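Per-entry structural report
Listed here are the chains, written in short residue letters.
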Amino acid sequence: MSEKDKPPADGQDPALEWAKLWQTMAESSNRMVEAWSGSMAPFMLARLSEKPAGFGDGNELSAAIERMVQGPRLADVWDIDRKIALAFSAWIEMRPRLASYNAVASAPWTEASKRFLETMSAAGTSETSTPDWREAFAKWSEISNEELIRNQRTDGFLQAQKELLQAGLQLRSRQDDVAETASVMFGLPTRRDFDDVTRQLTELRREVRALARQVRDRKGEGAL
Amino acid sequence: MSDQENQASRFARDMAANAEKIFKATKLIANTRDEDVSIGTTPKHLVMRRDKVELFHYEPVAEATARTPVLLAYGLIGRYTMADLQPDRSLVRSLLSKGLDLWLIDWGQPGRTERWLTIDDYVDDYIDAAVDRIAQETGHHKITLLGICEGGVFTTCYAALHPQKVKNLVITITPIDFHADIKDKAAHHGFLNIWTRSLDPEDIDKLVDTYGVLPGEFMSSVFSMMTPMRSLAKYNVDLIDVVDDEAKFMNFLRMEKWLADRPHHPGEAAKQWLKDLYQENRLVEGSFVLSGRQVDLKSIAAPVLNIFALDDHIIPPDCSRALGAKIGSKDYTEIPLPGGHVGLFVSSKSQGKLSQSIADWLLACDANPVSEA
């Protein structure tokens, strides 16, 4: 039996062990914060104070961060530092994509409102009685649906939603990189480890089943 | 009182009534527990489990009419419970009441663990294992496959790759030509096709590689975009309409439960679904390959029944209709039915026609002694 497999010695308090583990994790976490605030943060905060509304302004800031963190890796600079910066840069990149998408997606409401008002005005002046709320809502729904669907099929909409999706995926992927690095720091298995294991499991299962089929087929041939 | 005053007072009265109904709906929802809303309740028993996939056999409810067992396969986008939403709107119950021997393959709830599963695994492993097991249990060498939506693509591929095991093929609301939406002039049809083609193949890879799956919530949001006002009015105007009728209110909640139960699509299979089929249209082009073998639709030798919905906004009718010209079988029947993608199964009007069409066709096939070889 190896040392680590041995049961805890008498008098070893699991709560105490847990407290020690927690303390170690907390210390690691503090080191992470220190590393972060000791390098990138002052730069970013300084730039933010220079241009508080200009994050999406040509994405100068995200481009600067990208350039900085894409440089050579230094042995004594924490990798998580670089990854947090990249995630931050992806977040900045996503903001204008979201704004563009919102602008394109909300455009048809103006046309829908215009058409609806024209329809209701025409109904108000006709001999028939003024529509009640349900009839008015049905008309509003029909017109808005037409305009929204028409808009969704335009190149502008499709391009805006594609760029938003790309930016969102980039952000998510960089957040995952941060989470992976943190997991490694705490000695936890990462998402990539899990994917590797499931890949091996899936491939192994395929091989076993192919062999089982071969055996079955051979038995079937033998029985003939 | 002037006309304007009349209108104002009518509007105020209606809005007060609506506010009262919304309040009532809120109370009703708060007092209804999830377990009170049951779907997929037709009795069945588990016959086989393979990973997360389960094969069930439905309990018969009528004297057997058709001899050949029928295997129902839904797609990986959504769950089979759409075919068994509630007792009076259930394709499953309806087919059982007509004396069919019905089996179900349930894909379960795929997650990141199933990231590496491909359509090859679903067709050549899971469906094949289910077919073999049904054959073993019933003594039939060939069975009938009944595919719904993506499940229709899986069963079509299976019928092409394993024609010796398929007696009849029934597909419903199934895309075959993924680019046929281009011919469809209805503005609300085929957004899914257009949206998928607007993406770069690398976007799909990145989506799957990032999440490990095609997330169910993501697909739900794409589907909501296809009926924008319906999605916006669902929890207000639609609720007002059903709140005074308990049966309608429960129908509403069952539908919501089905919509909320949208599993993740296994990652690698999603790449094939979106890139090979939606973007590159490989099934009709004859270049779709599963387990190293080309899926040749001309190899489908079994009689085929193809049912689609004329107002299907998700799978435009022409996308389904394409099968007729591509298969080898001369015994091909096409039944276009009024209704939409989901309405075909859950609306009280159309699902009666759907089950009757399937049962009549299968009974006629069983009466033909040629096909059981």
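Summary of the structure given here. Source: prediction; values computed, not measured.

1. Quick word on the overall build of chain A
- When its secondary structure is counted, chain A shows seven helices and zero strands.
- Across chain A, helices and strands are ordered from the amino to the carboxyl terminus as α-α-α-α-α-α-α.
- Relative to its full complement of 224 residues, chain A shows a buried share of 15%.
- Sequence separation of at least 24 residues holds for 76% of the intrachain contacts in chain A that already meet a minimum separation of 6.

2. Brief notes about the overall build of chain B
- If you tally the helices and strands in chain B, you get 14 helices and 14 strands.
- For chain B, whose C-alpha radius of gyration is 22 Å, the value lies close to the compact-globule estimate of 21 Å for 373 residues.
- Overall, the C-alpha framework of chain B stretches about 80 × 50 × 40 Å when taken along its three principal axes.
- Per-residue burial over chain B gives 47% buried out of 373 residues.
- Contacts in chain B between residues far apart in sequence, at least 24 positions, make up 79% of those at least 6 positions apart.

3. Some remarks on the interface of chain A and chain B
- In this assembly, 26 residues from chain A lie in contact with 26 residues from chain B.
- Only α5 (133-152), α6 (155-185) and α7 (191-223) of chain A provide two or more residues apiece to the side of chain A that touches chain B.
- Top contributing element to the side of chain A that touches chain B by residue count: α5 of chain A, with nine residues.

4. Some remarks on the sheet that holds strand β14 (residues 332-337) of chain B
Residue and element names in this part refer to chain B.
- With mixed pairing, eight strands are arranged side by side in an open sheet as β1-β2-β6-β3-β7-β8-β13-β14. One side of each edge strand has no neighbouring strand; the edge strands of this open sheet are β1 (44-50) and β14. Looking at each pair of strands side by side, their axes are set apart by 20° on average, direction ignored.
- Examined bridge by bridge, strand β2 (residues 53-58) and strand β6 (residues 102-106) share four bridges and lie antiparallel to one another. From the neighbouring strand, F56 faces β6, where its bridge partner is L104.
- Lying on the sheet, helix α3 (residues 119-138) is in contact with β1, β2, β3 (70-73), β6 and β7 (143-148); it crosses β1 at an angle near 130°.

5. Digging into the pairing of strand β13 (residues 304-309) of chain B
All names here are of chain B.
- With respect to burial, β13 is a largely interior element, six of its six residues being buried.
- Residues of β13 alternate between two faces, with V304, N306 and F308 on one and L305, I307 and A309 on the opposite face, all of them buried.
- Taken together, the six bridges between β13 and β14 define a ladder with parallel strand orientation. Note on β14: the bridge partner recorded for V304 is Y332.

6. Some thoughts on unusual backbone geometry
Residue and element names in this part refer to chain B.
- In this structure, D51 is a non-glycine residue whose phi angle is positive, near 55°.
- With respect to the secondary-structure elements, D51 resides in the loop between β1 and β2.
- With phi around 50°, S291 is a residue other than glycine that occupies positive phi space.
- Note that S291 resides in the loop between β11 (289-290) and β12 (293-294).
- In this structure S291 comes out as partly exposed when scored by C-beta crowding, with 16 C-beta atoms within 10 Å.

How each quantity is defined
- Residues numbered from 1 in each chain as written.
- Chains lettered and ligands numbered in written order.
- Predicted model: local features only at pLDDT ≥ 70, side-chain atom pairs only at ≥ 80, totals over all residues.
- Helix = DSSP H or I, 4+ residues; strand = E, 2+ residues; numbered from the N terminus.
- Buried ≥ 20, exposed ≤ 12 C-beta atoms within 10 Å, placed from the backbone.
- Contact = placed C-beta atoms within 7 Å.
- Rg over C-alpha atoms; globule rule 2.2 N^0.38 Å.
- Pairing = 2+ DSSP bridges.
- Axes fitted to C-alpha atoms, helices over the stretch in contact; angles between N-to-C directions.

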